[in-house]
Amino acid sequence: MSSYLELKNINKSFETEKEKKIVLADINLKIRENEFLTILGPSGCGKSTLLKIIAGFSKTDGGKLLKKGKAIKEAGMDRLMLFQDFEQLFPWQKVINNVEFAVKQAAKNKKLKLSSVQIKERALKYLKQVKLRDYQNYYPHQLSGGMKQRVALARTLAAEAEIMLMDEPFGSVDSQTRQELQQLLVQLWQEENRTIIFVTHDIREAVFLSQRIVVMKNEPGQIINIVENKLPYLRKRSSRNFNHLFEELQSQLHS
Ligand SMILES: Nc1ncnc2c1ncn2[C@@H]1O[C@H](COP(=O)(O)OP(=O)(O)OP(=O)(O)O)[C@@H](O)[C@H]1O
């Protein structure tokens, strides 16, 4: 398997006044370019910690993170995180300016000179993709939670992050909006060449979204299985195969 991103023997512990707690133990994982990978596991198994290590926000106790064979030790614009929190946009900027900010960052990174018209055009392209073009002049506080997550999604796309690290981004929205956002994300992933690493504890979300599902267990956080999900997109939540995979994953998580 060609490996784009590789986690090699990653270990992580946190020290508190009382004890040293091993959170991640010997994590080994190869991630393919442009794949949609989900990390599924119970609360506290270290999913967010693992994502932060990939983002370069959190140091490991040992092990390596490699991208195309080269060690990466710091955060970079190639790996951006999207969180559950609705308040990840700049509240003082309109929707369009939030996205333009990311377009400018991406251009700066590539040493590309863009005119203000070009910057706006690019930002609008991403807002159109998340179906929020008509809300370009709204401020974040004038949007619903699901809309804010769509702007955050547009901003990550506009930043041209090759790797999108998503930490339960739809965890705070109602179930109908959540399903709509899941469908939108699959569509965006199919349109854009991005690698997505998505953290969730929701089995159905993992089955709906991803090509591979990394199943983790608790105390210490370890990978217990990696499941290939070959169900054709767009997945039907009511289908027999969908529910079969759901049950298989459920039994793995509870074993
Ligand atoms: N900064 C920290 N200091 C001490 N312990 C921490 C810190 N960050 C995380 N932990 C501990 O690491 C463990 C894993 O936390 P993490 O947030 O990665 O789990 P998770 O699988 O993402 O959980 P959830 O699904 O509930 O968000 C937990 O026991 C948590 O208390």
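Residues numbered from 1 in each chain as written. Predicted model: local features only at pLDDT ≥ 70, side-chain atom pairs only at ≥ 80, totals over all residues. Heavy atoms only, no water.

Looking at an unreviewed UniProt entry, one finds the protein named NitT/TauT family transport system ATP-binding protein, with Halanaerobium kushneri as its source organism.

Visitor: In this structure, what is going on with the site of the ligand? I would like to understand it.
Guide: Neighbouring residues of the ligand: Phe-14, Lys-21, Val-23, Pro-42, Ser-43, Gly-44, Cys-45, Gly-46, Lys-47, Ser-48, Thr-49 and Glu-168. In the model, an oxygen atom of the ligand is placed 2.8 Å from a nitrogen or oxygen of the Lys-21 side chain. With respect to the ligand, the backbone of Cys-45 contributes an N or O atom lying 3.1 Å from an oxygen atom. Contact with the protein chains covers 60% of the free accessible surface of the ligand, which is 640 Å². (Near = heavy atom within 4 Å. Polar contact = N/O pair within 3.5 Å; in protein donor to acceptor, adjacent residues only side chain to side chain. Areas by Shrake-Rupley, 256 points an atom, 1.4 Å probe, with all protein chains shown as cover.)

Visitor: Can you walk me through the sheet that holds strand 9 (residues 212-217) in this structure?
Guide: Backbone-to-backbone hydrogen bonds pair the strands of a sheet. The strands run either parallel or antiparallel. The sheet built from 6 strands is open, its strands ordered 6-7-8-3-9-10 with mixed pairing. Edge strands, defined here as strands with exactly one partner in the open sheet, are strand 6 (79-82) and strand 10 (222-228). Shown here is a sheet whose adjacent strand axes are inclined to one another by a mean of 20°, direction ignored. Here helix 1 (residues 47-55) sits on the sheet in contact with strand 3 (36-40), strand 6, strand 7 (163-167), strand 8 (195-200) and strand 9, set at roughly 155° to strand 7. Docked against the sheet, helix 5 (residues 175-191) engages strand 3, strand 7 and strand 8, running at close to 160° with respect to strand 8. (Pairing = 2+ DSSP bridges. Helix = DSSP H or I, 4+ residues; strand = E, 2+ residues; numbered from the N terminus. Axes fitted to C-alpha atoms, helices over the stretch in contact; angles between N-to-C directions. Contact = heavy atoms within 4.5 Å.)

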